[in-house]
Amino acid sequence: MHYDRFVVLGDSCAEGLDDPYPGSDQYRGWADFVAARLAHDGFQYANLAVRGRRLDQITAEQIPTAQRLGPDLIALFGGGNDVLHRDWDERTVARRVDAAIRACARLAPTVVTFTLSDISDRVPFVRRMRPRVTALNDAIREASVSYGTLLVDLWPDQAAHDSRYFGPDRLHLSEAGHRRVAGHVLDRLGLEHDWLRPLPGTDVRPGLRGDLRWFREHVAPAMLTRVRNRLTGRSSGDGFLPKRPELQPVALSEVDALGAWAPEAI
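Residues numbered from 1 in each chain as written. Predicted model: local features only at pLDDT ≥ 70, side-chain atom pairs only at ≥ 80, totals over all residues. Heavy atoms only, no water.

## Looking at the nonpolar core
Consideration 1: Of all hydrophobic cores here, the largest spans 67 residues; its most connected members are Phe-6, Leu-9, Trp-30, Leu-38, Val-97, Phe-114 and Leu-136.
Consideration 2: Here Val-97 is in contact with Leu-55, Leu-136, Ala-139, Ile-140 and Ala-143, once residues within four sequence places are set aside. (Core = buried A, V, L, I, M, F, W, Y, C linked by side-chain atoms within 4.5 Å. Buried < 20%, exposed > 50% of the residue type's maximum accessible area, 1.4 Å probe, protein only. Contact = heavy atoms within 4.5 Å.)

Below, the structure written as structure tokens:
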């Protein structure tokens, strides 16, 4: 397939946390990898995702910009912040899912959507959220069928049980994880890649000492931030802007930096 205007919507997972460009504080992620594979003369890519955004915020804040950009390919990755929010309500979130996917389907002929993966066996405090993730994924699958999107179903992917696919906080993807998600997207688009091969070697679990360090360095600060945000009425994404708010070409130098695909193969 040939696409000219690729627009990505969503939250931190679509923004690219925890996969920074080497030597940079800017995040890369699966969407940049996909854009590099799609690149050709005239191709343009925008990434409107902002960390911390719920599905209703994505619809209100990002859809109008996407409409102005006129994409022929949209990827929507969201829902994780709805799952973690204290005001979770299954029916409300299902309506948000339907509204977001319906809006995307009206804007572009091809829309890629995603379920969330199952990380409940590696992240203890996420285990109680598992029914929420299941409900969210069911709503995404139903809306994806209703509106004819290309669904990337990450829930059954066994890579979620390998810690090497995740960053230090165990929630956001590492470079290997983002490449794998990009591979799933390219599969659904019918494009060649080699990013779904298993990682060499074996996963080494961190043990009790590693778990304690993870709790001290990531979980405890995140909990304090959530309490502070709740008291002040802020959200984790306040003050952040999309990393690529307008359609821009993907230069071959960017493709080389991504290591995503040999320029001569594009």
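Moving on, there is more to tell.
## Section: the environment of Leu-38
Consideration 1: Structurally, Leu-38 can be placed in helix H2 (residues 30–38).
Consideration 2: You can call Leu-38 buried: its relative accessible area is 8%.
Consideration 3: It is 7.1 Å that separates the C-alpha atoms of Leu-38 and Tyr-3, two residues lying 35 residues apart in sequence.
Consideration 4: Residues within four places of Leu-38 in sequence aside, it is in contact with Tyr-3, Phe-6, Phe-43, Leu-73, Leu-189 and Leu-191. (Helix = DSSP H or I, 4+ residues; strand = E, 2+ residues; numbered from the N terminus.)

## Concerning the side chain of Asn-47
Consideration 1: Along the polypeptide, Asn-47 turns up in strand S2 (residues 44–47).
Consideration 2: By relative accessible area, Asn-47 is classed as buried at 0%.
Consideration 3: Within the structure, the side chain of Asn-47 is placed 3.1 Å from the backbone nitrogen of Ala-49, a separation counted as a polar contact.
Consideration 4: Leaving out residues up to four positions away in the same chain, Asn-47 has contacts with Val-8, Ala-14, Glu-15, Ala-31, Asp-32, Pro-242, Lys-243, Arg-244 and Pro-245. (Polar contact = N/O pair within 3.5 Å; in protein donor to acceptor, adjacent residues only side chain to side chain.)

## Notes on unusual backbone geometry
Consideration 1: With an omega dihedral of 0°, the bond running from Leu-17 to Asp-18 counts as a cis peptide bond.
Consideration 2: If you trace the backbone, Asp-18 turns up in the loop between helix H1 (12–15) and H2.

## Details of the packing of H2 against helix H8 (residues 175–189)
Consideration 1: Between H2 and H8, whose axes approach to 8 Å, the crossing angle comes to 45°. Considering the angle they form, H2 stands oblique to H8. Remark: the crossing between H2 and H8 carries right-handed chirality. Residues Trp-30, Phe-33, Val-34, Arg-37 and Leu-38 of H2 pack against Glu-175, His-178, Arg-179, Val-181, Ala-182, Val-185, Leu-186 and Leu-189 of H8. (Axes fitted to C-alpha atoms, helices over the stretch in contact; angles between N-to-C directions. Parallel < 35°, antiparallel > 145°, perpendicular 65-115°, else oblique. Left-handed = near helix turned anticlockwise from the far one by under 90°.)

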